[in-house]
Amino acid sequence: MPNASAKSGKSLTARLGLRARVYLLLGGLLLVNMVGPVIMILYASMARDLYTTTADKDLAALTAAHELENALLNQKGYATYYYLSQDPVWLAKLEESRRAFELWLGRIREDQISSEADGLVENIALAYRRYADAKDNVIMLYRQNRADDAKKQHWGLREDFDDLRERCDRYKAYYRERMRHTSQVYLERTDLVMGVAVMGVVLNASLGFFLAYVLVGQILDPIRRLAWGEAGKDVAAGLSDEVKAIGQKFRDLEKDVDQAHLDLEQSRDHLMQSEKLAMAGKLAAGVAHTIRNPLTSVKMRLFSLERGLKLDASQQEDFEVIAEEIGHIDTIVRNFLEFARPPKLVAQPVSLSAVVDTTLTLLRHRLESYDVSVAVERSRRLPEISADPDQLKEALVNLVLNACEAMVEGGSIVIREETGVIEPYGRVVALRVSDDGPGIPPPLIDRVFQPFFTTKGEGSGLGLAIVRRIVEEHGGWITVMSPETRGTTFTMVFPYEGERGWHRS
Amino acid sequence: MNRPKATLCIAERNANIRELLRREFAREGYGVVTAGSGAEVLMRLASPAGVDLLVLDDEIADPDGGSLVPLLTRLYPELAVVLHVYAGADAAGLGRRQVEKGGDFERLKAAVGEVLGAKAQAK
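Note that the structure is predicted; figures quoted are calculated from it, not measured.

Peer 1: Can you tell me about the overall build of chain A, naming the residues and giving the values?
Peer 2: A count of helices and strands for chain A gives twelve helices and eight strands. Taken across its 505 residues, chain A has 33% of its residues classed as buried. Restricting the contact set of chain A to residue pairs at least 6 apart, pairs at least 24 apart contribute 72%. Put simply, chain A shows about 30,600 Å² of open surface, and 58% of that area lies on carbon and sulfur atoms.

Written out as structure tokens, the structure is:
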């Protein structure tokens, strides 16, 4: 069962969102702070009413009873003084005292609050009437000089006086009891108000604690973590700084989103380009495969023809042109097939410097025929990377021959070997192939790596596309620069783990 | 030196290449039979006249569409074969002699001569 209740508590917390929890706690605090004072005002008002109505009346009744008793005591003395002095002044004072008694008795009768009190007063009034009549009779006997009878009756009046005084005491005791009861009721109500106040304080403190817990634990701490990361607990910064930091984070986040969006667009473009390439590759392979067989037949027949043919100069020239053009077709077909063939890298540790040397050895005769000189700028041999040397050789051959064909009447090529660091890729090795040819016009420079794009009459438009594919299969990339349309530099860059050279971000 | 020349089977899909090779090898004094498909190759090899060497176009497939070389290796393990393949082709040569198919057929002639010479020496 405790588990069940804990679970239901958790689900309740989960159902109440943060906003609902904060509102609930604030509402609770407001309610306690409103209801508490209202209850206290109510009880204070009730206590005041208790005093202004009941306690004041009781006090007045008690005072009146006291005055009655005083008047009664005076009457007792004045009759005796008259007997002793025979002076009628005492009778006048007696009469005055009786008027006072009647006055107080009248007041008491006006303010009676219960039948019990009323009964007590009526008893006093009855007994007083009897006592006053008896006293009048005694005075009359004194006046008639019947002193013996008067003394006798006067002595008997003592019992009536004591009875009357006892009734007055009973009346006073009744009101004392009432006052004690009122006082007790007042105390009880005061205790209740204090209890309500204590409960209010406890409720206030509890709700305040939970509100603080929710504010700190679920709002301020997350804000701080958001602003400063997990190290936020150790950072003594104001809320304003945290809000600024969050603002900065959101701005950074927006930048990241923009960058991610840009990357995504580039990836999409790249994907579309790759799909186009794949389709072009399939097409090229199909065409090349179909052409290759008859082309080989033509080449063989030409070879056969060449052995026994006796041609004059112009016929010989025609023959050579035919052979040359067939050679071009053969190159195009081979490029098509090479482009379409799925990559099969046979990676091994190889230095690009070795690739450069082998390529230049292979191309020596071709370079001579193009009247192109090649210079290699190498401070020391490039470190080894994991790569397919044949593929890299093919890429470099394509770049060098491309440069040779670009420089119509010979020229020079410079191959620079470099190492360095490019963020975020890290360490890289690079080969720059620069020629001093006419360069690439700016509108065309973005298209040079596109398959089937060529400015040469007999080109397949696949040479540079193949180079780029080989470089990218090795995890690298290739760029081209042709400043002010004079000379062109192709740069192949490959990442590697090794020593540092230049650094660029 | 008067030993009769060997009989070759020229297996080539392209009829013009096939005919050229037939002519060239016949001119060299070889007995030549030709085949344009896998089924024809198997038929020639099964004939009583027999074949000393097979010049096989790598693109000729067996009756199931696969490479003909494994089947030939299984059926005729002793048969001398020169594979005539395009550059860059991934030929399943299984250790057979390969010659790149191009305009210059003299290389093919030389390879055939070498394989037959090696075979004669082995006997």
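Okay, back to it.
Peer 1: Let's hear about the overall build of chain B: which residues, and what values?
Peer 2: Of the regular secondary structure elements, chain B holds four helices and five strands. The order of α-helices and β-strands along chain B, N terminus first, is β-α-β-α-β-α-β-β-α. Residue burial in chain B is summarised as follows: out of 123 residues, 45% are buried. Sequence-distant contacts, at least 24 apart, represent 60% of the contacts inside chain B between residues at least 6 apart. Counting every atom, chain B has about 6,200 Å² of accessible surface; 49% of that belongs to carbon and sulfur.

Peer 1: Give a description of the environment of Cys 9 of chain B that names residues and reports values.
Peer 2: Residues and elements named next belong to chain B. Relative to the elements of secondary structure, Cys 9 occurs in strand β1 (residues 7-11). For the pair formed by Cys 9 and Asp 52, sequence separation is 43 residues and the distance between their alpha carbons is 7.9 Å. Each residue touching Cys 9, except ones within four places of it in the same chain, is listed here: Val 33, Ala 35, Arg 44, Val 51, Leu 53, Leu 54 and Val 55.

Peer 1: Quick rundown of helix α8 (residues 352-362) of chain A? Include the residues and the values.
Peer 2: Residues three or four positions apart in an α-helix share a direction because the helix packs 3.6 residues into each turn. Residues and elements named next belong to chain A. Within the sequence span of α8, burial applies to Leu 352, Ser 353, Val 355, Val 356, Thr 359 and Leu 360. Seen from one end, α8 has its buried residues packed into an arc of 160°, which puts them on one side. For α8, the N-terminal cap is Ser 351; the gap from its side-chain oxygen to the backbone nitrogen of Ser 353 is 3.1 Å.

Peer 1: Residues and numbers for the UniProt feature "transmembrane region" (unreviewed entry) in chain A, please.
Peer 2: Sequence positions flagged by UniProt for "transmembrane region" (unreviewed entry) are, in local numbering, residues 21-44 and 192-216 of chain A. With 100% helix and 0% strand, residues 192-216 of chain A has its two end C-alpha atoms placed 35 Å apart.

Peer 1: Summarise the nonpolar core; cite the residues concerned and give the values.
Peer 2: Residue and element names in this part refer to chain A. Ranked by size, the top nonpolar core spans 54 residues in total, and within it Ile 413 and Met 492 carry the most contacts. For this core, the two domains that each supply at least three residues are domain 2 (239-339) and domain 3 (345-495). Dropping the residues within four chain positions of it, Ile 413 is found in contact with Val 372, Ser 373, Val 374, Ala 375, Val 400, Ala 403, Cys 404, Met 407, Val 433, Ser 434 and Asp 435. Formed by 36 residues, the second largest nonpolar core is a distinct cluster that contains Leu 68, Ala 127, Tyr 128 and Leu 164.

Peer 1: Mind laying out the interface of chain B and chain A, listing which residues take part and the relevant values?
Peer 2: Every contact between the two is made by 24 residues of chain B and, on the other side, 14 residues of chain A. On the chain B side of the interface with chain A, the three residues burying the most area are Leu 20, Tyr 86 and Gly 103 of chain B, jointly 29% of the side's total. Run the count over chain B and chain A and you get three salt bridges. Here Arg 292 of chain A and Glu 59 of chain B are joined by a salt bridge, their closest N and O atoms 2.6 Å apart. Between the two partners, chain B and chain A, sit eight residue pairs in polar contact (both at pLDDT 80 or more). When contributions to the side of chain B that touches chain A are tallied by element, the ones reaching two or more residues are α1 (15-27) and α4 (106-122) of chain B. Tallied by class, residues from the side of chain B that touches chain A come to six nonpolar, six polar and twelve charged.

Peer 1: Lay out the pattern of salt bridges in plain terms, naming residues and giving numbers.
Peer 2: Evaluation of the coordinates by the stated rule reveals 35 salt bridges over all chains. Residues Arg 381 of chain A and Asp 357 of chain A are paired through a salt bridge, measuring 3.4 Å at the closest nitrogen-oxygen approach. Here Asp 357 of chain A lies in helix α8 and Arg 381 of chain A lies in the loop between β2 (372-377) and β3 (384-387), a separation of 24 residues in the sequence. By relative accessible area, which is 46% here, Arg 381 of chain A ends up partly exposed. Via salt bridges that share partners, Arg 307 of chain A together with Arg 23, Glu 24, Arg 27, Glu 28, Glu 106 and Lys 109 of chain B belong to a single interconnected network.

Peer 1: Before we move on, could you go through the pairing of β3 of chain A and cite the residues and values that matter?
Peer 2: Residues and elements named next belong to chain A. Across the two faces of β3 the burial differs, with Ile 385 and Ala 387 buried and Glu 384 and Ser 386 not buried at all. Sheet topology note: the strand β1 (residues 348-351)/β3 ladder contains four bridges and is antiparallel. If you follow Gln 348 over to β3, its bridge partner there is Ala 387.

Peer 1: If you had to explain the packing of α1 of chain B against α4 of chain B to someone new, which residues and values would you point to?
Peer 2: Residues and elements named next belong to chain B. For the pair α1 and α4, interaxial distance at closest approach is 11 Å and the crossing angle is 55°. Considering the angle they form, α1 stands oblique to α4. The chirality of how α1 crosses α4 is right-handed. Within the contact between the two elements, α1 uses Leu 21, Glu 24 and Phe 25 and α4 uses Leu 108, Lys 109 and Val 112. Among the residues making up the contact of α1 with α4, the classes are represented as four nonpolar, no polar and two charged.

Peer 1: Could you give an account of the confidence of the model for chain B, naming the residues involved and the relevant values?
Peer 2: Per-residue confidence for chain B averages 86 on the pLDDT scale, and 91% of its residues sit at or above 70. As scored by the predictor, the complex reaches a pTM of 0.46 and an ipTM of 0.87.

Peer 1: Outline a nonpolar patch on the surface, listing residues and values.
Peer 2: On the surface, Leu 30, Leu 31, Met 34 and Val 35 of chain A cluster together into a nonpolar patch covering about 410 Å² of accessible area. For Leu 30 of chain A, the position within the fold is in helix α2 (residues 18-85).

Peer 1: Report on unusual backbone geometry, specifying residues and quantitative values.
Peer 2: Residues and elements named next belong to chain A. Phi at Gln 86 is positive, roughly 55°, even though this residue is not glycine. Among the secondary structure elements, Gln 86 is positioned in the loop between α2 and α3 (88-110). Here Asp 371, not a glycine, exhibits a phi torsion of approximately 60°, which is positive. Topologically, Asp 371 is positioned in the loop between α9 (364-370) and β2.

Peer 1: Describe α2 of chain A, and please don't skip the residues or the numbers.
Peer 2: All names here are of chain A. In a regular helix each residue adds 1.5 Å, so 68 residues correspond to 100 Å; α2 covers 98 Å between its end C-alpha atoms and thus fits that length. The sharpest bend along α2 measures roughly 30° and falls at Tyr 51. Two residues or fewer past α2, Gln 86 is found with a positive phi of approximately 55°.

Peer 1: Any details on the packing of α2 of chain A against α3 of chain A? Residues and values, ideally.
Peer 2: Residues and elements named next belong to chain A. In contact at an axis separation of 8 Å, α2 and α3 are set at 165° when each is read in the N-to-C sense. When the axes of α2 and α3 are compared, the pair comes out roughly antiparallel. Where α2 crosses over α3, the handedness of that crossing is left-handed. Two secondary-structure elements touch here, α2 through Ala 64, Ala 65, Glu 67, Leu 68, Ala 71, Leu 72, Asn 74, Gln 75, Tyr 78, Tyr 81, Tyr 82 and Ser 85 and α3 through Pro 88, Trp 90, Leu 91, Lys 93, Leu 94, Ser 97, Arg 98, Phe 101, Trp 104, Leu 105 and Ile 108.

Peer 1: So, the sheet that holds strand β4 (residues 80-85) of chain B: which residues are in play, and what are the values?
Peer 2: In sheet architecture, strand pairing relies on hydrogen bonds along the backbone and comes in two forms, parallel and antiparallel. Residue and element names in this part refer to chain B. Ordered by their spatial adjacency, five strands build an open sheet running β2-β1-β3-β4-β5, and the pairing between neighbours is parallel. The sheet is open, and its two edges are formed by β2 (31-35) and β5 (97-100), each paired on a single side. Neighbouring strand axes in the sheet, compared pairwise and without regard to direction, differ in orientation by 20° on average. When β4 meets β5, the two strands line up parallel, connected through four bridges. Residue pairing in the sheet places Val 85 in a bridge with Glu 100 of β5. Strands in contact with helix α2 (residues 38-46) are β1, β2 and β3 (53-57); relative to β2, the strand with the most contacts, it is inclined by about 145°.

What counts and what doesn't
- Residues numbered from 1 in each chain as written.
- Chains lettered and ligands numbered in written order.
- Predicted model: local features only at pLDDT ≥ 70, side-chain atom pairs only at ≥ 80, totals over all residues.
- Heavy atoms only, no water.
- Helix = DSSP H or I, 4+ residues; strand = E, 2+ residues; numbered from the N terminus.
- Buried < 20%, exposed > 50% of the residue type's maximum accessible area, 1.4 Å probe, protein only.
- Contact = heavy atoms within 4.5 Å.
- Areas by Shrake-Rupley, 256 points an atom, 1.4 Å probe, with all protein chains shown as cover.
- Arc of directions from axis to C-beta.
- Polar contact = N/O pair within 3.5 Å; in protein donor to acceptor, adjacent residues only side chain to side chain.
- UniProt positions renumbered as here; feature names shortened; annotations may be inferred.
- Core = buried A, V, L, I, M, F, W, Y, C linked by side-chain atoms within 4.5 Å.
- Domains from an automatic or database assignment.
- Buried area = accessible area lost by both parts, 1.4 Å probe.
- Salt bridge = Lys/Arg side-chain N within 4 Å of Asp/Glu carboxyl O.
- Nonpolar A, V, L, I, M, F, W, Y, C, P; charged D, E, K, R; others polar.
- Pairing = 2+ DSSP bridges.
- Axes fitted to C-alpha atoms, helices over the stretch in contact; angles between N-to-C directions.
- Parallel < 35°, antiparallel > 145°, perpendicular 65-115°, else oblique.
- Left-handed = near helix turned anticlockwise from the far one by under 90°.
- pLDDT = per-residue confidence, 0-100.
- Patch = residues over 30% accessible without salt bridge, like charges linked within 9 Å, V, L, I, M, F, W, Y side chains within 5 Å.
- Expected span 1.5 Å × (residues − 1).
- Bend = angle between axes of the 7 residues up to and from the residue.

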